[in-house]
Amino acid sequence: MKLGLQGKAVFVTAGSQGIGLAAARAFHAEGAQVAICARSESSLAEAEALMPGCLALRADLTVADEVERACAAVLDRLVRVDVLVNNAGGPRAGAFDELTDGDWDQAVNLTLMSAIRATRAVLPGMRANRWGRIINISSYGTKQPVPGLTLSNSVRMAVLGWAKTLSTQVAADNILVNTVCPGWTRTARLEKVLGHGDPEQASAAEREVAADIPLGRFAEAEEVANLVVFLASEAASYITGTSIAVDGGITKGYA
Ligand code: NAD
């Protein structure tokens, strides 16, 4: 299958680790020009070493100025952004009673506004080129709520509503907007969260969770990245305004 991504300019936010890094590496392997941003200089340097020629920028996605500055720097260096992958860390877990206005503001800034701000910055160029792909990394929690993830379950639905609406407004310019919804995906951070630093505890916790996943295991980040790259490609030219789970079948409804 011809993906047609050679030479495309791709910006993956929060692209230094986990699913974002896997997506950035997959685009890099396809011959795309890749830019990433993240908060930590050390993780950016590690990611850059894996992707020669990659543009790696420091930015906190919860801060409007920093998102705008990062997008401007990418446009300056790559001239255009053909593919924007809106990725970020997830909002904190917690039951409704535990959450403050500050937590809600933080979640909205991280999960919704970062995507809106980055999209706003790159959209004029996509419109001028009459070609673009906007791909949001979300969660299977948009298909069925994940217990305890009040912020994630709520704010990610706003991203879906925004993305669906936007898809209708930019389709005439040949810009496709889609959302990828990972299920449990093995990343360094998830292993730390599950195991509290103990790899054996992490494996035991993973086995327990995996018992509820029809495919019986967590995803590798590359398995999520495969869909991201496909949606960015020429092969996905008639797919827009949708959200697709990569969840090993854990979603119980007709996702
Ligand atoms: P991860 O924690 O491995 O990586 C997240 C990346 O986001 C890191 O590079 C981190 O530095 C960056 N980041 C976090 N906050 C940031 C900020 N304010 N500014 C800039 N960068 C920031 O996460 P992941 O597992 O790759 O997940 C990616 C997305 O997919 C998240 O939204 C996550 O909630 C979602 N998701 C993950 C899973 C899973 O099992 N891994 C499941 C469902 C949804």
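Look a little higher up for the structure.
Being a predicted model, the structure only gives us computed values, none of them experimental.

What follows deals with the sheet that holds strand β1 (residues 9-13). Sheets are built from strands paired through backbone hydrogen bonds, the pairs being either parallel or antiparallel. Pairing in this open sheet of seven strands is parallel, and the strands run β3-β2-β1-β4-β5-β6-β9 from one edge to the other. Of all strands in the sheet, those with a lone pairing partner are β3 (55-58) and β9 (242-246), marking the two edges. Strand-to-strand twist across the sheet, computed as the mean angle between neighbouring axes with direction ignored, equals 15 degrees. The pairing of β1 with strand β2 (residues 33-38) spans five bridges and is classified as parallel. Residue pairing in the sheet places Phe11 in a bridge with Ala35 of β2.

Leaving glycine aside, a negative phi is the common case for residues, and trans is the common case for peptide bonds. Backbone geometry places Ala14, a non-glycine residue, at a positive phi of 50 degrees. Following the sequence through the fold, Ala14 ends up in the loop between β1 and α1 (18-29). For Ala14, a relative accessible area of 19% corresponds to the buried category.

Moving on to helix α2 (residues 41-50). Buried within α2 we find Ser43, Leu44 and Ala47. One face of α2 carries all of its buried residues, which in axial projection span an arc of 100 degrees. α2 presents Glu41, Glu46 and Ala49 as exposed residues on the side facing more than 90 degrees away from its buried surface. Where α2 is buried, its residues meet α1, β2 and β3.

Further remarks concern the packing of α1 against helix α8 (residues 221-232). The geometry of α1 relative to α8 is characterised by a closest axis approach of 8 Å and an angle of 50 degrees between their N-to-C directions. The angle between the axes of α1 and α8 places the two elements in the oblique class. Handedness of the α1/α8 crossing: right-handed. Across the interface between the two elements, Gly18, Ile19, Ala22, Ala23, Ala26 and Phe27 from α1 touch Ala221, Glu222, Val224, Ala225, Val228, Val229 and Ala232 from α8.

What counts, and at which threshold
- Residues numbered from 1 in each chain as written.
- Predicted model: local features only at pLDDT ≥ 70, side-chain atom pairs only at ≥ 80, totals over all residues.
- Heavy atoms only, no water.
- Pairing = 2+ DSSP bridges.
- Helix = DSSP H or I, 4+ residues; strand = E, 2+ residues; numbered from the N terminus.
- Axes fitted to C-alpha atoms, helices over the stretch in contact; angles between N-to-C directions.
- Buried < 20%, exposed > 50% of the residue type's maximum accessible area, 1.4 Å probe, protein only.
- Arc of directions from axis to C-beta.
- Contact = heavy atoms within 4.5 Å.
- Parallel < 35°, antiparallel > 145°, perpendicular 65-115°, else oblique.
- Left-handed = near helix turned anticlockwise from the far one by under 90°.

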